[in-house]
Amino acid sequence: MPAAAPEAPSRPSADQTAAGQPAETGGPAETFQPPALSTKEIELVQESFALVDPIADDAAGLFYKRLFEIDPSTQALFKGDMADQGRKLMSVLKTAIAGLDRFEQLVPVLKIMGQRHLTYGVEFKHYESVAKALLWTLKEGLKEAFTPEMEQAWAKVYSALAEVMMRGSQEPPATRAFS
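The residue numbering used here restarts from 1 in each chain and proceeds along that chain's sequence as written. Totals for whole chains, interfaces and linings use all residues, but because this is a predicted model, local features are given only for residues with pLDDT of at least 70 and pairs of side-chain atoms are given and counted only at 80 or more. Excluding hydrogens and water, the side-chain figures rest on all heavy atoms present in the structure.

Colleague: Describe helix α2 (residues 56–70), with residues and values.
Modeller: For an α-helix the count is 3.6 residues per turn, leaving residues at separations of three or four pointing the same way. Helix numbers and strand numbers start at the N terminus; a helix is a DSSP run of H or I with at least 4 residues, a strand a run of E with at least 2. To estimate how far a helix should extend, the number of its residues minus one is multiplied by 1.5 Å. Here α2 contains 15 residues, and its C-alpha end-to-end distance of 21 Å stays within 8% of the 21 Å for a straight helix at 1.5 Å per residue. By the burial criterion, the buried members of α2 are Ala-56, Ala-59, Ala-60, Phe-63, Tyr-64, Leu-67 and Phe-68. Within α2, the buried residues cover an arc of 160 degrees as seen down the axis, which keeps them to one side. Opposite the buried face of α2, by more than 90 degrees, sit the exposed residues Asp-58 and Lys-65. In this fold, the buried residues of α2 make contact with α1 (39–52), α3 (82–98) and α5 (124–142). Between buried and exposed lies partly exposed: a residue is buried under 20% and exposed over 50% of the maximum accessible area for its type, with that area taken using a 1.4 Å probe on protein chains only. What the arc describes is the spread of directions from the helix axis to the C-beta atoms. Between two residues, a contact is recorded if the distance between any of their heavy atoms is within 4.5 Å.

Colleague: So what about the environment of Ser-73? Which residues, and what values?
Modeller: Note that Ser-73 resides in the loop between α2 and α3. Sequence separation between Ser-73 and His-126 is 53 residues; the distance between their C-alpha atoms is 8.6 Å. Non-local contacts of Ser-73, meaning those with residues more than four positions away in its chain, are made with Lys-125 and His-126. Polar contact is defined as a pair of N or O atoms within 3.5 Å, subject to the rule that within protein one atom must be able to donate a hydrogen and the other to accept it, and that residues adjacent in sequence are counted only when both atoms are side-chain atoms. Only 2.5 Å separates the side chain of Ser-73 from the side chain of Asp-71, close enough to count as a polar contact.

Colleague: Provide a residue-level description of the nonpolar core, including the pertinent values.
Modeller: Note on terminology: a nonpolar core comprises buried Ala, Val, Leu, Ile, Met, Phe, Trp, Tyr and Cys residues joined through side-chain atoms within 4.5 Å. Membership of the largest hydrophobic core comes to 44 residues, with the highest contact counts inside it found for Met-90, Leu-100, Phe-103, Leu-110 and Trp-154. Only α1, α2, α3, α4 (103–120), α5 and α6 (148–169) provide two or more residues apiece to this core. If one sorts the elements of this core by residue count, α6 sits on top with 12 residues. Sequence-distant contacts of Leu-110, defined by excluding residues within four places in its chain, comprise Phe-103, Leu-161, Val-164 and Met-165.

Colleague: Just give me the short version of empty space enclosed by the protein, but keep the residues and values in it.
Modeller: Both cavities and pockets are sets of points on a 1 Å grid over the protein atoms alone; in a cavity a 1.4 Å probe fits but cannot get out, in a pocket the set is open with protein on both sides within 12 Å along at least five of seven lines, and lining residues sit with an atom within 4 Å of a point. Grid points are joined across faces, edges and corners, and a volume is the space filled by probe spheres set on the points. Applying the stated criterion across every chain yields a total of 2 cavities of 30 Å³ or more. Empty space within the largest cavity amounts to approximately 100 Å³. Surrounding the largest cavity, 14 residues form its lining, Val-52, Ala-59, Met-90, Thr-137 and Leu-138 being those nearest its centre. Going through the elements one at a time, α1, α2, α3 and α5 are the ones with two or more residues in the lining of the largest cavity. Sorting elements by how many residues they give to the lining of the largest cavity places α5 first, with 5 residues. The residue inventory of the lining of the largest cavity, partitioned by class, reads 12 nonpolar, 2 polar and no charged. Looking at the second largest cavity, the residues that line it are Leu-93, Ile-97, Leu-134, Trp-154, Val-157, Tyr-158 and Leu-161. Contributing elements (two or more residues each) for the lining of the second largest cavity: α3 and α6. For the lining of the second largest cavity, the leading source of residues is α6, giving 4 residues. Throughout this entry, Asp, Glu, Lys and Arg are counted as charged residues, while Ala, Val, Leu, Ile, Met, Phe, Trp, Tyr, Cys and Pro are counted as nonpolar. The remaining residues, Gly among them, count as polar.

Here's what the structure looks like:
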């Protein structure tokens, strides 16, 4: 049975986090614990992405075509060369997927990406559209190699990545000291 696309949380109220949980008040942002991913889920996602890598340009094209069909409002978020955008997408995915076994190291970068996406006009509903387009693209690109178990693992991994990005979009931008 195919896994359902993960649902993106609605925009949190002032007293809720992106996951709809009560916001912590006065505590450090570092108390956030990303969703636990099993070794098997990480392996399934990494193994299946290794199959996508050789067809990355085609997969990116399929992804954006499907994303714009599912949610036409996302098209306005992209400016410039879509082939270049697709290469950037695949590069980011490759890096994130390679680092899944060190998820805690991805958290700061994902939060910054969430903040950046907010400035581009990305809304929480867009994360759900991306989830649907991503899972569809993987099914189309990998055909029978994309098993229901892989689909469930991808749904969980995407949900974990998106949750951190959405949480990051709700935090004040990090300031960096340059020496």
